[in-house]
Amino acid sequence: MRKVAIVSWATTQFVKDSKLNVFELGCEACAKILHSTDFDKQDLDAVLLSSCTTEQYSSTIISEMLGLSPKVSQRVDNLCNSGTNAVANAYSLIASEMCELALVVGAEKADSTGNKLLWDITRGSFMFPVHWAAIFAKAHMRKYGTTEEQMAMIAVKNRKNATKNPNALFRTAVTIEQVMNSRKVADPVKLLDCSAPCDGASAVLLASDRIAGRMTDNPVWIKGIGQKTTSASFANSTNDLTTIESAKSAARDAYEMSHLGPESIDVAEVHDAFTILEILAMEDLGFQEKGGKIRRNGGIKVNPRGGILGCGHPVGATGVAQVAEIASQLSGKAGGSQVSGCKHGLVHNLAAAGSSATVIIMGR
Amino acid sequence: MKDIREFLESIAAGEFKIPVCGSCGARAWPPSKSCPNCYSHTMLERIDPIGTLIEFAISNVRNREGAFGVIDIDGIKIVGGLKTQRPSAGMKMKLSACGLREDGSPFYDFEAA
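(A) Quick peek at helix 2 (residues 58-65) of chain A. All names here are of chain A. Of all the residues in helix 2, the buried ones are Ser58, Ser59, Ile62 and Ser63. When helix 2 is viewed along its axis, its buried side chains cluster within an angular range of 145 degrees and face the same direction. The secondary structure elements touched by the buried residues of helix 2 are helix 1 (22-36), strand 2 (46-50) and strand 3 (72-76). Positive backbone phi, at 70 degrees, marks Gly67, one or two positions downstream of helix 2.

(B) Just the environment of Gly291(A), in detail. Residue and element names in this part refer to chain A. Along the chain, Gly291 turns up in the loop between helix 9 (275-284) and strand 10 (301-302). Along the primary structure Gly291 and Ser112 are separated by 179 residues, whereas in three dimensions their C-alpha atoms are 34 Å apart. In this structure Gly291 touches His140, Tyr144 and Glu283, once residues within four positions along its chain are discounted.

(C) Broad picture of helix 9 of chain A. All names here are of chain A. With ten of its ten residues buried, helix 9 lies for the most part within the structure. All buried positions along helix 9 are accounted for by Thr275, Ile276, Leu277, Glu278, Ile279, Leu280, Ala281, Met282, Glu283 and Asp284. In this structure, the buried residues of helix 9 make contact with helix 4 (129-144), helix 5 (148-162), helix 8 (245-258), strand 10, helix 10 (307-311) and strand 11 (344-350). Looking one or two residues past helix 9, Gly286 carries a phi angle of roughly 85 degrees, positive in sign.

(D) Layout of the packing of helix 1 of chain A against helix 2 of chain A. Residue and element names in this part refer to chain A. Helix 2 packs onto helix 1 with a crossing angle of 55 degrees between their chain directions and a minimal axis gap of 10 Å. With respect to helix 2, the element helix 1 is oriented oblique. Our pair here, helix 1 against helix 2, has a crossing hand that is right-handed. Seen from helix 1, the contacting residues are Val22, Phe23, Glu24, Gly26 and Cys27; seen from helix 2, they are Ser58, Ile61, Ile62 and Met65. When its residues are assigned to classes, the contact of helix 1 with helix 2 shows six nonpolar, two polar and one charged.

(E) Region of the structure containing the pairing of strand 1 (residues 4-11) of chain A. All names here are of chain A. Burial within strand 1 is extensive, with eight of its eight residues counted as buried. Direction of pairing for strand 1 relative to strand 7 (residues 200-208): antiparallel, over a ladder of seven bridges. Paired with Ala5 across the strands is Ala207, a residue of strand 7. Alignment of strand 1 against strand 8 (residues 220-229), held across two bridges, turns out to be antiparallel.

(F) View of the nonpolar core. By size, the foremost hydrophobic cluster in this structure holds 51 residues, and its most contacted members are Phe136(A), Phe234(A), Phe274(A), Ile276(A), Leu285(A), Phe287(A) and Leu346(A). Those elements giving two or more residues to this core turn out to be helix 4, helix 5, strand 5 (184-187), helix 8, helix 9, strand 11 and strand 12 (356-363) of chain A together with strand 4 (66-73) of chain B. Looking at which element gives the most residues to this core, the answer is helix 4 of chain A, with eight residues. Residues in contact with Phe234(A), not counting those within four places in the same chain, are Asp120(A), Arg123(A), Trp132(A), Ile135(A), Phe136(A), Leu241(A), Ala353(A), Val70(B) and Val79(B). Within the second largest apolar cluster, 35 residues are counted, among which are Leu48(A), Val76(A), Ala88(A) and Leu206(A).

(G) Structural context of the sheet that holds strand 3 of chain A. All names here are of chain A. Reading across the sheet, the ten strands line up as 3-2-4-7-1-8-12-11-9-10 and stay open at both edges, with mixed pairing between neighbours. Each of the sheet's edge strands pairs with one partner strand only, and the pair in question is strand 3 and strand 10. Each of strand 2 and strand 3 touches helix 2; the most contacted strand, strand 3, lies at about 130 degrees to it.

(H) Structural detail: the interface of chain A and chain B. Taken residue by residue, the interface counts 29 residues in chain A and 31 residues in chain B. For the pair chain A and chain B, the summed buried area comes to about 2,300 Å², and 65% of that belongs to carbon and sulfur atoms. On the chain A side of the contact with chain B, Ile121(A), Thr122(A) and Phe126(A) bury the most area, a combined 28% of that side's loss. Applying the counting rule to chain A against chain B returns one salt bridge.

Conventions adopted
- Residues numbered from 1 in each chain as written.
- Chains lettered and ligands numbered in written order.
- Predicted model: local features only at pLDDT ≥ 70, side-chain atom pairs only at ≥ 80, totals over all residues.
- Heavy atoms only, no water.
- Buried < 20%, exposed > 50% of the residue type's maximum accessible area, 1.4 Å probe, protein only.
- Helix = DSSP H or I, 4+ residues; strand = E, 2+ residues; numbered from the N terminus.
- Arc of directions from axis to C-beta.
- Contact = heavy atoms within 4.5 Å.
- Axes fitted to C-alpha atoms, helices over the stretch in contact; angles between N-to-C directions.
- Parallel < 35°, antiparallel > 145°, perpendicular 65-115°, else oblique.
- Left-handed = near helix turned anticlockwise from the far one by under 90°.
- Nonpolar A, V, L, I, M, F, W, Y, C, P; charged D, E, K, R; others polar.
- Pairing = 2+ DSSP bridges.
- Core = buried A, V, L, I, M, F, W, Y, C linked by side-chain atoms within 4.5 Å.
- Buried area = accessible area lost by both parts, 1.4 Å probe.
- Salt bridge = Lys/Arg side-chain N within 4 Å of Asp/Glu carboxyl O.

This is the structure in structure tokens:
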């Protein structure tokens, strides 16, 4: 099995309305990679689009718009978990030696159909993501005494981090008081506990160890990947509302594959579509004990780009942007949000109510 | 169950029925015409719609205001509106009403049992 590296990446600015369609958004991120990376585009074997768009043949349309004729052109759709699923697919294509060089692009519009799962009628009238987030939050508060202030601190931290990220949707910090006083959408989840859908795209270029050195002196290696799908519905996603079982399973597999543990991770991008999800992620990934205090300083750095709360949530682009961020951090190119001396990074990406999860561990 | 419309028609009529496998007896939830265990056909069957409130929260989403929660009815988990003054986790609840909203999506309401 070949080793696989991330050799280039690019993310567009995330905005409420870019006026671009999903193809134009995707091409914008890809063009940055094609301009900045030294390779012959005839050598690009695969183009994988991560998106919940209803547009048909979309990866192939993007390929043609970019003047590419890859062997493999496919769209990957798994709601908010699409981006890392596409990266995992690209990894598999290269590791298995079917391909040498694969471009993964995530692109989404703010009004994506991926924002709401209509199929899951077990939720009756309460089918919005904020409804299951509120249930997870209440369950965690009941069992572990987690407070609304602790959830608010996640929003404060990630919004502060986003002020250093030129691509973030939200570039203004918020205070705990602002979060606590924001409108209760589904009590105890408030408006500023929630991420916002937006337009955005992100792309990463994956290469085999045979050719990665031609494109960069500083490849970031994919060390381990874990994935788990427990269900599509909220009803069957987890038996314990204080944990995301798919994430625990995916993390276990990723740690095993990488021969690394949570203590080795220096920087992480975790799926904070709601503040409670970052708390659950910290526990499910083994970064802190169940019901442990939220770390504010020291230890692992989490969501230095601003996370989903700060950057916005273009559903299919999110997982790719998370991978791009960790690649950027590990190669020392994260600018104002750089975590100094980081050697290993982790991406944690979820779909609807944690019904599926992906964990990717990367290293220098 | 012929298809999902049969389940929704039942809900629209105010009757809460669950698809049950005609072969192995497993329940299909979320509702499905085929059994997730042995892939045989399912048939809608009445169940005693009494369960336990696992967790609840308060929705302020427009047109979806009010208390809601996850109710476990003998292993079937369902999210419904709570038509009771003081819901609490562990409370016994029974389905008091179900139907379809204007947009065609189902609703399930529960009250204290």
